[in-house]
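Working through the structure, step by step
Listed here are the chains, written in short residue letters.
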Amino acid sequence: MTIIIAVDGPAASGKGTLARRLARHFNFAHLDSGVLYRLTALSVLEAGGNPAIEADAMRGARGIDLSRAGDPAIRTDLVGMAASKVSAIPAVRAALHDFQTGFLAHPPGDGPGAVMDGRDIGTVIAPHATAKLFIDAAPEVRARRRWLELKGLGIEKDLETLLGEIQARDHADRTRAISPLAKAPDADLLDTSNLDIDAAFAAALALVEPKVSGALKDRHRG
Ligand code: DC
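Described below are features of the structure shown in this document. (Residues numbered from 1 in each chain as written. Predicted model: local features only at pLDDT ≥ 70, side-chain atom pairs only at ≥ 80, totals over all residues. Heavy atoms only, no water.)

On to the pattern of salt bridges, then. Two side chains carrying opposite charge are able to pair once their charged atoms lie near each other. Under the counting rule described, the total for this entry stands at 17 salt bridges. The salt bridge partner of Arg93 is Asp120, with a shortest N-O separation of 2.9 Å. Here the residue Arg93 occupies a position in helix H5 (residues 90-105), and Asp120 occupies one in the loop between strand E3 (113-118) and helix H6 (121-125), the gap between them amounting to 27 residues. When its relative accessible area of 2% is taken as the criterion, Asp120 is described as buried. If you follow the salt bridges from partner to partner, you end up with Asp77, Arg146, Glu149, Lys157 and Glu165 in one network. (Salt bridge = Lys/Arg side-chain N within 4 Å of Asp/Glu carboxyl O. Helix = DSSP H or I, 4+ residues; strand = E, 2+ residues; numbered from the N terminus. Buried < 20%, exposed > 50% of the residue type's maximum accessible area, 1.4 Å probe, protein only.)

Below, the structure written as structure tokens:
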């Protein structure tokens, strides 16, 4: 059984960075599940389709090209909003479900563990995960982080507009009928509003380490 760290949270909460750092720390495989929804959305948009329409979204889900996982084109806010739309369609979630559980059953590299981040990892994809984190931060803080990130890329965007977009995506992700963004009852909540990335990582590690060490010991014994 794979040792799984599930990391969920809203847009720009820092969950992706934390998940990557946790994976590096434990030498576990990592999958950012948002990439699957973003690749689906990109495929729909490039085909001139509508991400809110099931037939278009399903064509997108079947046509995802994982070799583009690192493509900056999937990181735009436009693709993020479209990803949020395709992700509310049950057939799309079902189509991407098996890829995610398959990844967790056999993480690349055949190491003992995997870190997966998203919206429903602790609740739906890996309800029996070894450790679960729910990363949150105030919307204003997340908008500012996103603003700084874009500025670093040479993109000037109004802070208020970004805040509005983040709040709209939060609302869509939290209120959709299927697999809404939610903290699993047994997840540890980590609010990073007042933490820089190093402090957030230290806090995340303190929550996760005892559970992962226990699971690693059990594996050696078992
Ligand atoms: O984490 P992100 O911003 O890359 O995710 C983009 C969208 O994909 C997000 O608004 C909702 C959707 N998503 C999801 O529904 N379930 C996941 N496990 C990951 C992402």
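All right, on to the nonpolar core then. Judged by nonpolar contacts, the single largest core of 30 residues is most densely connected at Ile74, Val92, Phe103, Leu104, Met116, Ile121 and Ala126. At the level of secondary structure, the elements contributing two or more residues to this core comprise strand E1 (3-8), strand E2 (29-32), helix H2 (34-46), helix H3 (54-62), helix H4 (77-86), H5, E3 and H6. The leading source of residues in this core is H2, at seven residues. (Core = buried A, V, L, I, M, F, W, Y, C linked by side-chain atoms within 4.5 Å.)

On to unusual backbone geometry, then. Phi is positive for Ala12, close to 60°, though the residue is something other than glycine. Tracing the sequence through the fold places Ala12 in the loop between E1 and helix H1 (15-26). For Ser179, which is not glycine, the phi dihedral falls at a positive 40°. According to the relative accessible area criterion, Ser179 is buried, its value standing at 14%.

Between H2 and H4, the shortest axis-to-axis distance is 8 Å and the interhelical angle comes to 105°. Judged on the interaxial angle alone, H4 and H2 are roughly perpendicular. Mapping the contact onto sequence places Tyr37, Arg38, Thr40, Ala41, Leu42, Val44 and Leu45 in H2 and Leu78, Val79, Gly80, Ala82, Ala83 and Val86 in H4. (Axes fitted to C-alpha atoms, helices over the stretch in contact; angles between N-to-C directions. Parallel < 35°, antiparallel > 145°, perpendicular 65-115°, else oblique. Contact = heavy atoms within 4.5 Å.)

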